[in-house]
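# Coordinate inspection notes
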Amino acid sequence: MHDHPHPNQPDEEDGPFTEYRLLEVALRELLIEKGVIMHAELHKTYQMMDDRGPHNGARMVAKAWSDPAYLDLMRRDATAAAKSIGLEPTWLNLIALENTDAVHNVVVCTLCSCYPWPLLGLPPDWYKSRAYRSDVVQNPRKVLAEFGTTLPETVEVRVHDSSADMRYLVVPKRPEGTEGWCEEQLAELVTRDSMIGVVPALTKEGL
Amino acid sequence: MAHKSLTDYRGVHDLGGVLCEPFAPDEHDYAPWEKRVHAVRELLATKGLLRVDELRRAVEGLGEEKYRRLSYYEQWIWAMTQIMLERGIVTDAEIGARVEAVRARLASDG
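Note that residues are indexed from 1 along each chain, following the sequence as it is written. Here the convention is simple: chains get letters from A, ligands get numbers from 1, in the order in which they are written. In keeping with the model being predicted, local features are shown solely for residues with a pLDDT of at least 70 and side-chain atom pairs are shown and tallied solely at 80 or more, while totals for entire chains, interfaces and linings include all residues. In computing side-chain properties, one takes all heavy atoms of the structure into account and sets aside hydrogens as well as water.

## With respect to helix α1 (residues 19–33) of chain A
Residue and element names in this part refer to chain A. The cut-off we apply is this: Numbering of helices and strands starts at the N terminus; helices are DSSP runs of H or I of at least 4 residues and strands are runs of E of at least 2. The span one expects for a helix is its residue count, reduced by one, times 1.5 Å. Relative accessible area decides the class of each residue, using a 1.4 Å probe on protein chains only: under 20% of the type maximum gives buried, over 50% gives exposed, and in between gives partly exposed.
The terminal C-alpha atoms of α1 lie 21 Å apart, and with 15 residues this matches the ideal 21 Å at 1.5 Å per residue to within 8%. Counting buried residues in α1 gives 13 out of 15 residues, a clear majority hidden from the surface. A positive phi of about 75° marks G35, the residue just after α1.

## Some thoughts on the nonpolar core
Nonpolar side chains in soluble globular proteins tend to be buried together. Applicable threshold: In this description, a nonpolar core means a group of buried Ala, Val, Leu, Ile, Met, Phe, Trp, Tyr and Cys residues linked to one another through side-chain atoms lying within 4.5 Å.
In this structure, M60 and Y132 of chain A are the most contacted members of the largest nonpolar core, which totals 51 residues. The element that contributes the greatest number of residues to this core is helix α3 (residues 54–66) of chain A, accounting for 6 residues. Membership of the second largest hydrophobic core comes to 45 residues, among which are W33, L62, W76 and I89 of chain B.

## What about the interface of chain A and chain B?
Filter applied, for reference: Working rule for contacts: check all heavy atoms of both residues, and any pair within 4.5 Å makes them a contact. Buried area: the accessible area, evaluated with a 1.4 Å probe, that two parts lose upon being put together, summed over both parts. The working definition used for a salt bridge is a side-chain nitrogen of Lys or Arg within 4 Å of a carboxyl oxygen of Asp or Glu. Here a polar contact is recorded for every N or O atom pair within 3.5 Å, except that within protein the pair must consist of a potential hydrogen donor and a potential acceptor, and residues adjacent in sequence are included only if both atoms are side-chain atoms. In the scheme used here, Gly and all other residues not listed as nonpolar or charged are polar, with Ala, Val, Leu, Ile, Met, Phe, Trp, Tyr, Cys and Pro taken as nonpolar and Asp, Glu, Lys and Arg as charged.
Taken together, the contact between chain A and chain B spans 64 residues of the former and 59 residues of the latter. Where chain A abuts chain B, roughly 6,000 Å² becomes buried across the two surfaces, and 62% of that area is made up of carbon and sulfur atoms. For the salt bridge of K47 of chain B with E41 of chain A, the shortest nitrogen-to-oxygen distance reads 2.8 Å. At the boundary of chain A and chain B, one finds 18 residue pairs in polar contact (both at pLDDT 80 or more). Listed by contribution, the elements that provide at least two residues to the side of chain A that touches chain B are α1, α2 (39–51), α7 (125–128), α8 (130–138) and α9 (140–146) of chain A. For the side of chain A that touches chain B, the element with the most residues is α1 of chain A, which contributes 14 residues. Here the side of chain A that touches chain B is composed, by residue class, of 31 nonpolar, 12 polar and 21 charged.

Rendered as structure tokens:
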């Protein structure tokens with residue numbers, strides 16, 4: 001099931017064997033035969049990749065919304081905050097960016113595709129696209145509008161450029177009318193795109 | 001005065017603020033082969049055999065035409081292979097022979 005717009009690259013199950021796909025098989029086989037990597041390690045990596053996704057980042061955001069001490073830790077050391085709830089990215093230098101009534105944060109990697117993937121999974125194509133990387137720093141409001149996000153002129157938009165050594169996680173504003181919700185309920189409001197900063201969190205009605 | 005191309009003054013990858021294409025927020029579900037490329041890269045990185053800046057340097061060395069034409073994981077597998085060659089972990093001859101062997105195997109599998 002796909003709920004996203006028509007892709008540039010098809011949702012195909014492997015598709016035809018291109019030269020680059022042949023190269024993928026060739027390099028992987030050689031690395032395994034030479035003992036550089038092992039089958040078991042590779043399968044463990046596939047499993048780790050499957051466990052990653054926006055549900056991890058959403059847990060952090062929901063906890064930050066609920067627990068002032070955790071929000072404080074996220075502000076000071078987001079890597080430690082991830083680690084403290086058992087999330088994987090101990091190696092990642094993570095900065096949490098809090099959206100407020102005055103400031104809206106959005107994340108890009110202008111040079112390539114750096115992204116907090118242990119917390120959000122693999123990035124969507126558009127995040128890696130030439131157009132996003134180029135345009136969001138030049139005209140962020142126009143790009144946000146493509147996602148249906150329009151912000152009042154009084155809100156300052158800050159664009160953060162990721163690097164190999166530094167990744168960002170946006171903490172969207174907590175939606176109104178969610179007082180008394182538990183962390184699990186709140187986490188359902190926190191989408192991948194809201195943690196990149198291109199949309200707000202879902203509303204109670206939008207769930 | 002002749003119009004300067006992107007690479008006249010900055011790297012082909014260095015796209016911040018260079019308005020070039022209309023933006024559309026599309027995406028696709030990653031194919032299994034793309035996930036395999038990602039997993040092998042990650043494993044090589046954890047073993048200290050492939051740094052992320054090294055991979056990017058190789059991707060940036062693709063040249064403008066290929067940089068634009070190749071898909072993301074096509075860029076990655078090409079760049080990963082370059083780094084493995086540079087580090088002497090595999091040789092050109094081994095890669096070439098294995099690509100042909102895989103091609104033949106797939107052809108005989110029909």
